[in-house]
Amino acid sequence: MYTVFAGGVGASRFLQGLVQVVPQEDVTIVSNTGDDVEMFGLHVSPDTDIVLYALAGAVNPETGWGLTGDTFAVVDQLQRFGYERWFNLGDRDLAMAIHRTRLLREGRPMHEIVAGLARSWGLGCTVLPMTNGRIETRIVGPDGELPFQDYMVRLRTEVDVREVVFAGATGALPAPGVLDAVSGASAVILAPSNPLVSIGPILAVPGVREALAGSRAKRAAISPIIAGQVVKGPAANMMRTLGHEVSALGVARLYAGLIDLMVIDEQDRALAPAVEALGLRCLVTDTMMTSPERKTQLARDVLAGLDAF
Ligand code: GDP
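These numbers come from a predicted model, not from an experiment. (Residues numbered from 1 in each chain as written. Predicted model: local features only at pLDDT ≥ 70, side-chain atom pairs only at ≥ 80, totals over all residues. Heavy atoms only, no water.)

Peer 1: Just checking my understanding: could you explain the side chain of Thr 48 for this structure?
Peer 2: Here Thr 48 shows up in helix 2 (residues 46–55). Other than its neighbours up to four places away in sequence, Thr 48 contacts Ser 31, Asn 32, Thr 33, Arg 100, Val 114 and Val 127. (Helix = DSSP H or I, 4+ residues; strand = E, 2+ residues; numbered from the N terminus. Contact = heavy atoms within 4.5 Å.)

In structure tokens:
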């Protein structure tokens, strides 16, 4: 059984490859819900939906989020009533938000809702939200605290990040199944996602970090930083301003004590000895997932790397 901690785009690309190599039924995904947001009165779970859409083959390949061919007539029309237009929620994408919101209002727990959504999309893997409670990733900038989507989408990450906080984490519980997925898996893989705001919130759920540190599973992480740069998103800027080295080694330092194997890109081969000096095994391979074949090959390489010890 394979458990994958997942953010959005980077994680969904890796998962698309993984399910070509192992049966979906053997894969459990622990999804970041720290960047969930209420929009137009609806509960939106951006990272979870990216993963569901990607595994269903429905994700827009150009953006990495949203549904292929979706339109934006509803958010356009909402402007007439004074709503802001900065959050791109497509017309078909809205259906998911409407359904999720209705079920939440009926008092259904998030893990049941997400399981139902995964079934509706025909997926065989288990998709778990990190918690059924509400943990909100917030960005502390020069002018105070911002909800994550305000920072990411409305302000296009043009904020000097001073701190990342996970509001509500103290006292939250992992969703049912999360701790078992960490301790009972044969392998746990931290996807190539932003370590601070995609994997960070999952590790901030009380008990998860401890379960991972103490798990008998073989544990790997794939660096989202290649040659000192991100493939997309704010991870590099965020790591820099928070005082972390912007490199695969910087990512390895964040995960030391939680993983056995660090997977870094060919372009970062020179960092391998320093990664190993942290007490980690280091696998150097092509981690740029620009085609279906490269996604599948990366999944194969990671599993072979885990099998090798
Ligand atoms: P977000 O929530 O949509 O921003 O998604 P994630 O946190 O899952 O993904 C963002 C991270 O994925 C960024 O730091 C990217 O550098 C990384 N990423 C995206 N595509 C790739 C890829 O093909 N290879 C690797 N190694 N990292 C990637």
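Peer 1: Even after reading the chapter, I still don't get helix 1 (residues 9–21), so can you show me in this structure?
Peer 2: Residues spaced three or four apart along an α-helix point in a common direction, a consequence of the helix completing one turn every 3.6 residues. Taking 1.5 Å as the rise per residue, helix 1 with 13 residues should run 18 Å; its terminal C-alpha atoms sit 19 Å apart, in good agreement. Taken residue by residue, helix 1 has Val 9, Ala 11, Ser 12, Phe 14, Leu 15, Gln 16, Gly 17, Leu 18 and Val 19 as its buried positions. Contact partners of the buried residues in helix 1: strand 1 (2–6), strand 2 (27–31), helix 2, strand 9 (187–190), strand 10 (218–222) and helix 13 (292–307). (Expected span 1.5 Å × (residues − 1). Buried < 20%, exposed > 50% of the residue type's maximum accessible area, 1.4 Å probe, protein only.)

Peer 1: Would you mind showing me how to read the packing of helix 1 against helix 2 here?
Peer 2: Two quantities define a packed helix pair, namely the angle between the axes and the distance from one axis to the other. With their axes 9 Å apart at the nearest point, helix 1 and helix 2 run at an angle of 30° to one another. In this view, helix 1 runs roughly parallel relative to helix 2, as classed from their interaxial angle. As helix 1 packs across helix 2, the resulting crossing turns out to be right-handed. Residue-level contacts link Val 9, Ser 12, Leu 15, Gln 16 and Val 19 of helix 1 to Ile 50, Val 51, Ala 54 and Leu 55 of helix 2. When grouped by side-chain class, the residues that make up the contact of helix 1 with helix 2 number 7 nonpolar, 2 polar and no charged. (Axes fitted to C-alpha atoms, helices over the stretch in contact; angles between N-to-C directions. Parallel < 35°, antiparallel > 145°, perpendicular 65-115°, else oblique. Left-handed = near helix turned anticlockwise from the far one by under 90°. Nonpolar A, V, L, I, M, F, W, Y, C, P; charged D, E, K, R; others polar.)

Peer 1: Got a minute to help me understand the site of the ligand in this structure?
Peer 2: The ligand sits among 21 residues. The nearest are Ser 193, Ser 198, Pro 224, Val 231 and Thr 287. A distance of 2.8 Å separates an oxygen atom of the ligand from a polar backbone atom of Asn 194. At 3.4 Å, a side-chain N or O of Lys 232 approaches an oxygen atom of the ligand. Isolated, the ligand exposes 590 Å² of accessible area, and the fraction of that covered by the protein chains is 96%. No other element matches the 4 residues that helix 1 contributes to the shell around the ligand. Looking at the shell around the ligand residue by residue, the classes come out as 10 nonpolar, 8 polar and 3 charged. (Near = heavy atom within 4 Å. Polar contact = N/O pair within 3.5 Å; in protein donor to acceptor, adjacent residues only side chain to side chain. Areas by Shrake-Rupley, 256 points an atom, 1.4 Å probe, with all protein chains shown as cover.)

Peer 1: Looking at this structure, how should I read the packing of aromatic side chains?
Peer 2: How two aromatic rings sit relative to each other is set out by the distance from centre to centre and by the angle between their planes. Under the criterion given, the structure shown has 4 aromatic pairs. Relative to Tyr 83, the ring of Phe 40 lies with its centre 5.7 Å away and its plane at 75°, an arrangement referred to as edge-to-face. Residue Phe 40 is found in the loop between strand 3 (37–39) and strand 4 (42–44), and its partner Tyr 83 is found in the loop between helix 3 (73–78) and helix 4 (93–105); the two are separated by 43 residues along the sequence. By relative accessible area, Phe 40 is classed as partly exposed at 21%. Here Tyr 83 falls in the partly exposed class, since its relative accessible area comes to 41%. Between Phe 148 and Tyr 151, the aromatic rings sit 5.9 Å apart at their centres with planes inclined by 50°, giving tilted as the arrangement. Here Tyr 151 and Phe 148 lie together in helix 6 (residues 148–154), a separation of 3 residues that amounts to about one turn. (Phe/Tyr/Trp six-rings, centres within 6.5 Å; stacked < 30°, edge-to-face > 60°.)

Peer 1: What am I meant to see in the side chain of Thr 28 here?
Peer 2: Mapped onto the elements, Thr 28 comes out in strand 2. Residue classification places Thr 28 among the buried positions, given a relative accessible area of 11%. In this view, Thr 28 contacts Tyr 2, Thr 3, Val 4, Thr 126, Leu 128 and Ala 181; residues no more than four positions away in its chain are not counted.

Peer 1: What is the right way to read the sheet that holds strand 7 (residues 144–147) from this model?
Peer 2: The pairing of strands in a sheet happens through backbone hydrogen bonds and is either parallel or antiparallel. Strands sit in the order 7-6-8 across an open sheet of 3 strands; the sheet is antiparallel. Pairing within the sheet leaves two strands with one partner each, and these edge strands are strand 7 and strand 8 (163–167). Neighbour to neighbour, the strand axes of the sheet diverge by 35° on average, direction disregarded. Pairing of strand 6 (residues 136–141) with strand 8 involves 5 bridges; the strand directions are antiparallel. Bridge pairing in strand 8 places Ile 139 opposite Val 164. Packed on one face of the sheet, helix 8 (residues 195–204) meets strand 6 and strand 8 and runs near 40° to strand 8. (Pairing = 2+ DSSP bridges.)

Peer 1: Whenever I open this one, the sheet that holds strand 10 confuses me. Can you help?
Peer 2: Read across the open sheet, the 7 strands follow the order 5-2-1-9-10-13-14; overall the sheet is parallel. Across the chains shown, the open sheet's two edge strands, defined by having one partner strand only, are strand 5 (126–129) and strand 14 (281–285). Averaged over all pairs of adjacent strands, the angle between strand axes in this sheet comes to 20°, irrespective of strand direction. Both strand 9 and strand 10 contribute to a ladder of 4 bridges, which runs parallel. Residue Val 188 lies in a different strand from strand 10, and its bridge partner there is Arg 219. Contacts from helix 8 reach strand 1, strand 2 and strand 9 within the one sheet, and its direction differs from that of strand 1 by about 115°.

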